[in-house]
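Each chain is listed here by its residues.
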Amino acid sequence: MLSLTGVSKTFFPGTANERRALRNIWLELAEGDFATVIGSNGAGKSTLLNVIAGSLSTDDGAIVIDDRDVTKLPAHRRAGLLARVFQDPQAGTSPHLTIEQNMAIALTRGARRGLGVGVGRKRRSAFREELEVLGLGLESRLKTRVGMLSGGQRQALSLLMASFTHPRLLLLDEHTAALDPARAELVTELTVKVVAETNLTALMVTHNMAQALRVGNRLLMMHEGEIILELDAAQKRRTTVADLMDRFTSVRGQLADRSLLS
Amino acid sequence: MEAAIEQGLIFALLALGVFLTYRILNFADLTVDGSFTTGGGTAAILMYNGVDPYLGTLAGLAAGAAAGLITGLLHTKLRIDPLLASILTMIGLYSINLRIMRGPNVGLNMRDGQVIETIFTPLKQAKLMASWQTVAILAAVALAFTAAIIWFLATNFGLATQATGDNPQMAVAGGISTDWTKIVTLMISNGLVGLSGAIYAQFQGFADVQMGIGLILVGLASVIVGNAILGTRYMALAVLGVVVGSVVYRLILSYAIAWEIAAAGDMKLISALLVVVALVISQNETIRGWVGKISASKSPEAPEPLTAPELSAQPAEGPTPLDPSSAKGA
Ligand SMILES: Nc1ncnc2c1ncn2[C@@H]1O[C@H](COP(=O)(O)OP(=O)(O)O)[C@@H](O)[C@H]1O
Ligand SMILES: [Mg+2]
């Protein structure tokens, strides 16, 4: 479904600021896999998602989604295959457009956009049904501008927009990190539900190790641009947060960053 | 007064073009100063040489759109900043406009004792210039373009264009080629500007290489005044407001001149000052607070930023429930 073969990415190569954000990454996700990704700040998690989505180009290696080599494809042309939710709740939606207009843009993701009506009656009622699933009452606020929503509402909407079109691949980058605990929990629950119900293949970056163990069927730990640990579903079940912390400690050869335990 | 309204309606097309780039695309496009003259000059030279006036007017639109294409390509393909890309086009167009017109101006009244046919010839012969009839015709034209823009913005492509200006990151993630939406919108915008120039040249009876200078401010002032009058809460009213703004702006100017508050030569200074005042209002926290309170008391929804999106990039603040999670970043 998704395969990365020897992908590398270096920022500012050959300068004093050189940062090797990804080093020879090999990764294979099967259809329906839901992998969580953890790692300290600067490990390369966002860069990994960005090269898969095409917002960053790779230096080396190939990225194949659904048997299609997308390595050289610009981001907007990969959008038919994958959808994303960003950490910043502002990032995934268009604030001056209404909820229904944002959903229309999501609905036409990856398709040719012509001069057909953006939000017609049929689409509107479909959007209403989709929004009901969120249980946030947004279905009665279709004509509200998204900039009026709270961060949690916006993020839930972003998640819905990313998923209701059934993309082949869903990329989530710490999409609950900017929310307060209650709303983060809500969005996490929605994520689990959406991924399970639609059998999406997903990569979810999180800074919450307990969540990384609890959610999904695979776990990747990154450090300094490399995947240093991979767990399958069975291994995940046997692993505790303490185990992951030990792993961090040993690989860094220093005290684990306690902030990772949030 | 009819003459001022007529002018306002002709310049409304230019203002609608400016609205598309400045408000929708969030692109500071100064091409306008050049493309207005390109449209006017192209139409004038064609009519001077006997081309059908409607064909000539359409050619003015096409020439303006071509100017927009140049700015679009400079920006998207060569990655030149919007402001600089449009200044480059604007300056370059000055020379091109001189070549198009084969000189600094083209007269559109008589040639070799023959009346040059323009779209206003029938109205002029019927002595209907500066009349309500002409106002009605020009209003119909401006409203037709207003309706077309409202329709366009609600299509799938129009929504993609709006997202391009509103949140480019989201647009790209949504599969929108923001290069393409920018190029198309710049072409539509400058096409309208060129059309405005073509009609204005026929209205005043000549095209002049200087005729476009400073018009970006006229467009901005119309957008800002119009949006202040009709608001930006509903897209249809925001677009219509641009036409209203353009007419109001012309009326203010004509009264200022008629009452000898200002001379004709002061027009550019007045435009500049008007834009400065509007920008100061939008940037000043205290004043924006007042404006916010006034609009909030009028409507349950949050106030819209009064001016350019880039000058008020923060999300609409309004009476949303206090939500700590809406704070940006972790
Ligand atoms: N656009 C960029 N330009 C330059 N350096 C970057 C950019 N994005 C990330 N980096 C660098 O690459 C490294 C990995 O960053 P990132 O992938 O954001 O880490 P993570 O998401 O795991 O915290 C960091 O050292 C970061 O500073
Ligand atoms: Mg990150």
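Residues numbered from 1 in each chain as written. Chains lettered and ligands numbered in written order. Predicted model: local features only at pLDDT ≥ 70, side-chain atom pairs only at ≥ 80, totals over all residues. Heavy atoms only, no water.

## Quick look at the sheet that holds strand β8 (residues 201-205) of chain A
Residues and elements named next belong to chain A. As a reminder of what qualifies: Note on pairing: two strands pair once DSSP finds at least 2 bridges between them. Numbering of helices and strands runs from the N terminus, with a helix taken as a DSSP run of H or I at least four residues long and a strand as a DSSP run of E at least two residues long. Angles here are taken between N-to-C directions and fall from 0 to 180 degrees, while the axes themselves are lines fitted to C-alpha atoms, restricted in helices to the stretch in contact. Residue contacts are defined here by distance: any two heavy atoms, one from each residue, within 4.5 Å place the two residues in contact.
Taken together, the six strands give an open sheet; going across it, the order is β6-β7-β8-β3-β9-β10, and neighbouring strands pair in mixed fashion. In this open sheet, the two strands that pair with only one neighbour each are β6 (82-85) and β10 (226-231). On average, each strand axis in the sheet is tilted by 20 degrees relative to the strand beside it, whichever way the strands run. Two strands pair when backbone bridges link them, and strand β9 (residues 218-223) and β10 are joined in this way by five bridges, in the antiparallel orientation. When the bridges of β10 are listed, L219 appears paired with L231. Contacts between helix α1 (residues 45-53) and the sheet are confined to β3 (34-39), β6, β7 (169-173), β8 and β9, with β7 contributing the most and set at about 150 degrees to the helix.

## So, the side chain of T71(A)
All names here are of chain A. Going by this rule: Burial here depends on accessible area, computed with a 1.4 Å probe over protein chains only, as a share of the maximum for the residue type. Under 20% is buried, over 50% is exposed, and the range in between is partly exposed. Think of a polar contact as two N or O atoms within 3.5 Å of one another; within protein, one of them needs to be a possible hydrogen donor and the other a possible acceptor, and neighboring residues in sequence only count if both atoms come from side chains.
Note that T71 resides in the loop between β5 (68-69) and α2 (75-78). When its relative accessible area of 10% is taken as the criterion, T71 is described as buried. For T71, the side chain forms a polar contact with the main-chain nitrogen of I63, separated by 2.9 Å. Of the polar contacts made by the side chain of T71, one reaches the side chain of D69; its length is 2.5 Å. When residues no more than four places from it in sequence are discounted, the contact partners of T71 are T58, G61, A62, I63 and R78.

## Re a nonpolar patch on the surface
Formally: What goes into a patch is any residue over 30% in relative accessible area without a salt bridge, connected to like charges within 9 Å or, for nonpolar side chains (Val, Leu, Ile, Met, Phe, Trp, Tyr), within 5 Å. Per-residue and other accessible areas were derived by the Shrake-Rupley procedure at a 1.4 Å probe size, with only the shown protein chains allowed to occlude residues. The salt bridge definition used is simple: a Lys or Arg side-chain nitrogen within 4 Å of an Asp or Glu carboxyl oxygen.
Residues M1(B), W132(B), Y255(B), W259(B) and I261(B) make up a contiguous nonpolar surface patch of about 630 Å² in total accessible area. Using a relative accessible area of 34% as the deciding quantity, one classes Y255(B) as partly exposed.

## Let's talk about the nonpolar core
The following threshold applies: Only buried residues count toward a nonpolar core. Its members are Ala, Val, Leu, Ile, Met, Phe, Trp, Tyr and Cys residues joined through side-chain atoms within 4.5 Å.
The biggest cluster of nonpolar side chains holds 62 residues, and the ones touching the most others in it are L9(B), L16(B), F19(B), F36(B), F120(B) and L153(B). When contributions to this core are tallied by element, the ones reaching two or more residues are α1 (2-24), α2 (32-48), α6 (132-154), α9 (178-204), α10 (215-230) and α11 (235-258) of chain B. The dominant element in this core, judged by the number of residues it contributes, is α1(B), at 15 residues. Ignoring anything within four residues of it in the chain, the contact list for L9(B) reads V135(B), L138(B), A139(B), A142(B), V243(B) and V247(B). Of all hydrophobic cores here, the second largest spans 42 residues; its members include F127(A), A184(A), V187(A) and M170(B).

## As for the site of ligand 1
Residue and element names in this part refer to chain A. To keep it simple, the criterion reads: Definition of nearness: a residue and a molecule or strand are near each other if at least one heavy atom of the residue lies within 4 Å of the molecule or strand. Under the scheme applied, nonpolar residues are Ala, Val, Leu, Ile, Met, Phe, Trp, Tyr, Cys and Pro; charged residues are Asp, Glu, Lys and Arg; polar residues are all the others, including Gly.
Ligand 1 sits among F11, F12, R19, A21, S40, N41, G42, A43, G44, K45, S46 and T47. Residue A43 places a main-chain N or O atom 3.2 Å away from an oxygen atom belonging to ligand 1. A distance of 2.5 Å separates an oxygen atom of ligand 1 from a polar atom in the side chain of T47. Contact with the protein chains covers 67% of the free accessible surface of ligand 1, which is 560 Å². When residues of the shell around ligand 1 are traced back to their parent elements, those giving at least two are β2 (19-29) and α1. Here the shell around ligand 1 takes three residues from α1, the largest share from any one element. For the shell around ligand 1, the class distribution of residues is four nonpolar, six polar and two charged.

## Here's the deal with the pairing of β9(A)
All names here are of chain A. Most of β9 sits out of view: six of its six residues are buried. Residues R218, L220 and M222 point to one face of β9 and L219, M221 and H223 to the other, with burial holding for every one of them. Relative to β9, β3 runs parallel, the two being bridged by five bridges. When the sheet's bridge partners are listed, V37 is paired in β9 with L220. Counted along the chain from β9 to the antiparallel partner β10, the turn is two residues long, and its residue E224 has a positive phi close to 45 degrees.

## Some points on unusual backbone geometry
Phi at H166(A) takes a positive value of approximately 50 degrees, unusual for a residue other than glycine. Structurally, H166(A) can be placed in the loop between α5 (151-163) and β7. The class of H166(A) is partly exposed, set by a relative accessible area of 49%. Backbone geometry at E260(B) places phi at a positive 60 degrees, although glycine is not the residue there.

## So, the packing of α10(B) against α11(B)
Residues and elements named next belong to chain B. Operational definition: In a left-handed crossing the near helix is turned counterclockwise from the far helix by less than a right angle, and in a right-handed crossing that turn is clockwise.
One can describe the packing of α10 onto α11 by two numbers: an axis separation of 6 Å at closest approach and a directional angle of 115 degrees. Crossing of α10 against α11: the hand is right-handed. Contact residues: α10 offers V218, A221, S222, V223, V225, G226, N227, I229 and L230, while α11 offers L237, A238, L240, G241, V242, V244, G245, S246, V248, Y249 and R250. In terms of residue class, the contact of α10 with α11 is made up of 13 nonpolar, six polar and one charged.

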